[in-house]
Amino acid sequence: MEFKSLTNIETSFRRIRVMLALFVCCTTLVSGYALWSSYRFAEKQREKIYVLDGGKSLMLALSQDLSQNRPAEAREHVRRFHELFFGLSPQKDAIEHNINRALQLADKSAYHYYVDFAEKGYYNRIIAGNINQVVQVDSVSCDFSAYPYRVRTYARQMIIRESNVTERSLVTSCELQNARRSDDNPNGFIIEHLVILENKDLRSVER
């Protein structure tokens, strides 16, 4: 009987040790999860900026890593330049206004194309022929593996006349340099070494 009693006591102690080990493990897991959750919460709070608006209202502004948006901003910068530079209406003031806005997004390579088009009478023919030129950018391919970023743009030009509509292909290449943001250049890029690789008629449709 004495041996059996000792065996039961040893078994009870073993169970207590197992239960204690399980309790310690559970406590460790819960504590670890609580610490991890607190760290994640603190990191999210660091991404938030609280701004007082005249001391009356509280606005929440999320601070974002600018590098995450650069690819989208680069494509939008190039797309906007093409729409301004190649999209023309038969009004001299409108042409000059859009060209000036486009030239603020690029270097002298774009200006050289503008001077060349003007000397050849391209803009005068647009005005005299009452021609609208609409640009549709199909895709903008950016290579961000090296700086400056290399870009190739594929677009279509719709030359709308009173008698017909001519569709032309437009393929260009350029490089993007980072620049200071401004009202005229909100995305903070400058287009350099602009080259028109292709600009030819695809089809013409009678109106």
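Predicted model only: the values in this text are computed from it and were never measured. (Residues numbered from 1 in each chain as written. Predicted model: local features only at pLDDT ≥ 70, side-chain atom pairs only at ≥ 80, totals over all residues. Heavy atoms only, no water.)

## Overview of the packing of aromatic side chains
Moving on, step 1. A full pass over the atoms with the stated rule returns 12 aromatic pairs.
Moving on, step 2. Between the aromatic rings of Y111 and Y114, the centroid separation amounts to 6.2 Å while the plane-to-plane angle is 45°, which identifies the pairing as tilted. Of this pair, Y111 and Y114 both sit in helix α4 (residues 108–119), 3 residues apart, which is roughly one turn of the helix.
Moving on, step 3. Judged by its relative accessible area of 23%, Y114 is partly exposed. (Phe/Tyr/Trp six-rings, centres within 6.5 Å; stacked < 30°, edge-to-face > 60°. Helix = DSSP H or I, 4+ residues; strand = E, 2+ residues; numbered from the N terminus. Buried < 20%, exposed > 50% of the residue type's maximum accessible area, 1.4 Å probe, protein only.)

## Comments concerning the state of the cysteines
Moving on, step 1. The tally for this structure, following the rule as stated, stands at 0 disulfides.
Moving on, step 2. Free of any disulfide, C25 has its nearest cysteine sulfur in C26, 6.9 Å distant.
Moving on, step 3. By relative accessible area, which is 45% here, C25 ends up partly exposed.
Moving on, step 4. In this structure C26 comes out as partly exposed when scored by relative accessible area, which is 46%. (Disulfide = S-S within 2.5 Å.)

## Observations concerning the sheet that holds strand β5 (residues 164–178)
Moving on, step 1. Taken in spatial order, the 4 strands make up an open sheet running β3-β4-β5-β6, and their pairing is antiparallel. Here the strands that pair on one side only, and so sit at the sheet edges, are β3 (132–143) and β6 (189–206). If you compare each strand with its neighbour and ignore which way they point, the axes differ by 15° on average. (Pairing = 2+ DSSP bridges. Axes fitted to C-alpha atoms, helices over the stretch in contact; angles between N-to-C directions.)

## Points about the environment of A106
Moving on, step 1. Assignment of secondary structure puts A106 in the loop between α3 (92–103) and α4.
Moving on, step 2. Taking the C-alpha atoms as reference, A106 lies 8.8 Å from H193; in sequence the two are 87 residues apart.
Moving on, step 3. Non-local contacts of A106, meaning those with residues more than four positions away in its chain, are made with F81, I190 and I191. (Contact = heavy atoms within 4.5 Å.)

## Some words on the pattern of salt bridges
Moving on, step 1. One pass over the full model with this rule turns up 9 salt bridges.
Moving on, step 2. In this structure, the salt-bridge partner of E167 is R203, at a minimum N-O distance of 2.8 Å. Residue E167 is located in strand β5, and its partner R203 is located in strand β6; the two are separated by 36 residues in the primary sequence.
Moving on, step 3. Judged by its relative accessible area of 52%, R203 is exposed.
Moving on, step 4. A salt bridge links R168 to D201, with the nearest nitrogen and oxygen atoms 2.7 Å apart. Placement of R168 in strand β5 and of D201 in strand β6 is noted, with a sequence separation of 33 residues between them.
Moving on, step 5. On the basis of relative accessible area, R168 is assigned to the buried category, the value being 18%.
Moving on, step 6. For D201, a relative accessible area of 52% translates into the label exposed. (Salt bridge = Lys/Arg side-chain N within 4 Å of Asp/Glu carboxyl O.)

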